Amino acid sequence: MRFFHRLLVSFLLFVALLPGVGVLAQTTVAAGPHSEEEDLRQTVRELALRVTALEEELHRQRAGTAMESASLKPAALAVPRVDVRSSVESLSTSGAAETLPAASVATKSETGQTATAQNTPAASVLPTQLPGGATLNYAFDGYYGYDFNHPIGRVQYLRAYDVLSNVFSINQADIVLALDPDVAAGRRYGVRFDLQFGQATETLQGNPANEPRPEIYRNIFQVYGTYVVPLGKGLTVDVGKWASSLGIEGNYTKDQVNYSRSFYFNYLPFYHEGVRASYKVNDKLALNYWIVNGTNQSEPTNSYKDELFGFTAQPTKHILWNFNYYVGQDHPDVTPATNCNGPIQPGLCLKEINPAPDGKAHIFDSYVTWNATPKLSVSLEGDYVVQREWANAAPGESSAPSHVDGGVAYARYQLTPKMALGGRTEYLSDRGGLFSGTTQALKEFTGTYEYKFGEGFLARAEFRRDWSNVPFFLTNKPGVLSPSQPTMTVGMVWWYGGKQGAW
């Protein structure tokens, strides 16, 4: 490369000198001896100016060649070298990538002089903004858990996500596309699409016991379209599949108080498919209504359509209250068959169950959050669930109800901008084995320490103890159960994207 540059310089100098030589010859012939010295000086000055201009042009060409070479490298290699922690902490609170710290690195040039790199922002490796206002968002959630009971198979009972002991596990990996409506900008529509992989998928997605063809929707955690109807202060309508808002806890760990999830998150519905609407009465009250296929059902197992009635209230700027009443029927009225002759999709050969159980499930769910101070928040949740297999008693058909009831309390204190403490305690009475398959009273306490390396990366260390009034949890001895389950968990959560606030 240096040989090429030297050859190019020599050629340009030769071209530049030709006119000067010609002028010199002409001047020598035409002028007398008296003016010869002055003409030579003028010619030398002109040649020096031309050489200077050629050197500047060559320098610009070299800089352009270097930039083109850098653009051919992977983005991660083209980014100026910066401190890792500074790069992480430069992310915004929503996970949107801000400009990385400019690299002001002193380097030695070939001439031995010190130069300073230009303060140019580093390009984003992953796209976060799409044309039209949509955002792309990415998340990874992994953990290591340890169960002091040393359970057979390393299985931790009644856990939604942290299901394995003494294992490095991928809880979930997510890609989220979000386009929120923006009425002020003239866009009343929106769309949301969440792809999810990992252990959480097995919990959140249905199975053949409650959904005919779960494999079709296995990795689609959410997908729905939104339209804001110009009615009053706004009627927001969603159509598709969405995460259930029954219960205060959600899917994405970064938005929760603790790393693990409560019994109630594991018991209440994870998702629904259908139509939901929210009408904003005023700045303090919104009314909610759903009509859906069922609980944890993308495709239903019966013809009954479940419904939810509820409201979201914010009486003060520090208090947010949700109340939901849900009524549904999850008993199937068909069962798989093998005698279908027509061309149908796999899994759609069914036969009728007659008579089919017709008992209803009623869920009363309420939770409130109080932001007591800028650093302290407290939340309470209460739930009552009653379910019957048959609506009315008959010979061989019992309408005796099964119940789940109890509540959860949460507290979170922000020690410093990077450190926080979280606590949770709950009680769940499972009468009839609706949740656990055994009639028992379950309790748990969870204490969580959080350290946020920067917006987009946090770690949580957690101690949790579950216990029951009957031996229920696995031990390292076959057939021997324990009334308690103490665990330690370390979770690492990374997220990156353009979506603001909670996901």
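Rules used throughout
- Residues numbered from 1 in each chain as written.
- Predicted model: local features only at pLDDT ≥ 70, side-chain atom pairs only at ≥ 80, totals over all residues.
- Heavy atoms only, no water.
- Helix = DSSP H or I, 4+ residues; strand = E, 2+ residues; numbered from the N terminus.
- Contact = heavy atoms within 4.5 Å.
- Areas by Shrake-Rupley, 256 points an atom, 1.4 Å probe, with all protein chains shown as cover.
- Buried < 20%, exposed > 50% of the residue type's maximum accessible area, 1.4 Å probe, protein only.
- Pairing = 2+ DSSP bridges.
- 1 Å grid on protein atoms, 1.4 Å probe; cavity = no way out; pocket = protein on both sides within 12 Å on 5 of 7 lines; lining within 4 Å.
- Points joined across faces, edges and corners; volume = space filled by probe spheres on them.
- Nonpolar A, V, L, I, M, F, W, Y, C, P; charged D, E, K, R; others polar.
- pLDDT = per-residue confidence, 0-100.
- Phe/Tyr/Trp six-rings, centres within 6.5 Å; stacked < 30°, edge-to-face > 60°.
- Lys NZ or Arg CZ within 6 Å of the ring centre and 35° of its normal.
- Core = buried A, V, L, I, M, F, W, Y, C linked by side-chain atoms within 4.5 Å.
- Disulfide = S-S within 2.5 Å.
- Salt bridge = Lys/Arg side-chain N within 4 Å of Asp/Glu carboxyl O.
- Patch = residues over 30% accessible without salt bridge, like charges linked within 9 Å, V, L, I, M, F, W, Y side chains within 5 Å.

Looking only at helices and strands, the protein chain features six helices and 22 strands. In the protein chain, of all internal contacts separated by at least 6 residues, the share reaching a separation of at least 24 is 60%. Surface accessibility of the protein chain: about 27100 Å² in total, with carbon and sulfur atoms responsible for 62%.

Burial analysis of strand β22 (residues 484–497) places ten of its 14 residues in the buried class, the great majority of the element. Bridge count between strand β3 (residues 135–147) and β22: eleven bridges; the pairing is antiparallel. Bridging from a neighbouring strand, D147 pairs with T487 of β22. Examined bridge by bridge, strand β19 (residues 457–468) and β22 share eleven bridges and lie antiparallel to one another. In the sheet register, R460 faces β22, and the bridge partner there is G491.

Quick look at empty space enclosed by the protein now. The full count for this structure, using the stated rule, is four cavities of 30 Å³ or more. Its boundaries defined by the atoms lining it, the largest cavity holds a volume of some 130 Å³. For the largest cavity, the lining is made up of 18 residues, of which S244, L246, E249, G250 and F265 are closest to its centre. For the lining of the largest cavity, a count of residues per class yields eleven nonpolar, five polar and two charged.

Glancing now at the confidence of the model for the protein chain. Low-pLDDT portions of the prediction should not be read for the details of their coordinates. With 78% of its residues at a pLDDT of 70 or more, the protein chain shows a mean pLDDT of 83. Here residues 12–34 scores under 50 on pLDDT; set against residues more than four positions off or in separate chains, the count is 14 contacts. A low-confidence stretch, residues 65–123 stays under pLDDT 50, and its non-local contacts, those more than four residues away or across chains, total 70 contacts.

We now examine the packing of aromatic side chains. For the structure on display, the rule yields 21 aromatic pairs. Their ring planes at 55° and their centres at 5.6 Å tell us that F265 and F270 sit as a pair that is tilted. Side by side, F265 and F270 carry an identical accessibility label, which is buried. Residue placement shows R276 over the ring face of Y224; its charged tip is 5.1 Å from the ring centre. A cation sits over an aromatic face here: K360 above Y304, 5.0 Å from the ring centre.

L158, Y326, V404, L428, F435 and L442 are the most contacted members of the largest nonpolar core, which totals 22 residues. Listing elements by their share of this core, those giving two or more residues are α6 (263–267), β9 (285–292) and β16 (402–414). Those residues in contact with F435 that lie beyond four places of it in its chain are L158, F263, N266, Y267, V404, L428, D430 and L442. The next biggest cluster of nonpolar side chains, apart from the first, holds 17 residues, and it includes A139, Y252, F270 and Y271.

In this section: the state of the cysteines. The final tally for this structure, using the stated rule, is one disulfide. The disulfide partner of C340 is C349, and the S-S distance across this bridge is 2.2 Å. Every disulfide takes its handedness from the sign of the S-S torsion; for C340 and C349 that torsion is 95°, giving right-handed. When its relative accessible area of 33% is taken as the criterion, C340 is described as partly exposed. With a relative accessible area of 14%, C349 lands in the buried category.

For residues besides glycine, phi is generally negative; the peptide bonds are generally trans as well. Here the bond from N354 into P355 is cis, since omega is 0°, no more than 30 degrees from zero. By the secondary structure assignment, P355 is in the loop between β13 (350–352) and β14 (361–370). With a phi angle near 65°, L158 is a residue other than glycine that sits in the positive phi range. Positionally, L158 belongs in the loop between β3 and β4 (167–179). Residue L158 is classed as buried on the basis of its relative accessible area, which comes to 13%. A positive phi is found at N296, a non-glycine position, where the angle reads about 55°. With respect to the helices, strands and loops of the structure, N296 is situated in the loop between β9 and β10 (306–316).

Relative to the helices and strands, V470 is located in the loop between β19 and β20 (473–474). When its relative accessible area of 25% is taken as the criterion, V470 is described as partly exposed. Remark: the alpha-carbon pair of V470 and T439, spanning 31 residues in sequence, is separated by 8.8 Å.

Attention shifts here to the pattern of salt bridges. Inspection of every chain in the model, using the stated rule, returns 17 salt bridges. A salt bridge links D283 to K280; the nearest nitrogen and oxygen atoms lie 3.7 Å apart. The exposure class assigned to K280 is partly exposed, which follows from its relative accessible area of 36%. One salt bridge connects R424 with E444, and the closest N-O pair in it is separated by 2.6 Å. Placement of the pair is R424 in strand β17 (residues 419–431) and E444 in strand β18 (residues 440–454), with a sequence separation of 20 residues.

Quick look at the environment of S402 now. Following the sequence through the fold, S402 ends up in strand β16. Residue S402 is classed as buried on the basis of its relative accessible area of 17%. Residues S402 and G433, 31 residues apart in the sequence, show an inter-C-alpha distance of 7.4 Å. Ignoring sequence-local partners within four residues, the contact set of S402 consists of V385, V386, Q387, R431, G432 and L434.

Before going further, it helps to spend a moment on a nonpolar patch on the surface. A contiguous nonpolar patch, built from V125, L126, F140, I170 and W494 and spanning about 430 Å² of accessible area, is present on the exposed surface. Mapped onto the elements of the fold, I170 is located in strand β4.

As paired elements, β3 and β4 share eleven bridges and run antiparallel to each other. Following the sheet pairing, T135 is matched in β4 by A178. As paired strands, β4 and strand β5 (residues 189–197) are joined by seven bridges and run antiparallel to one another. Bridging across to β5, L179 finds its partner in V191.

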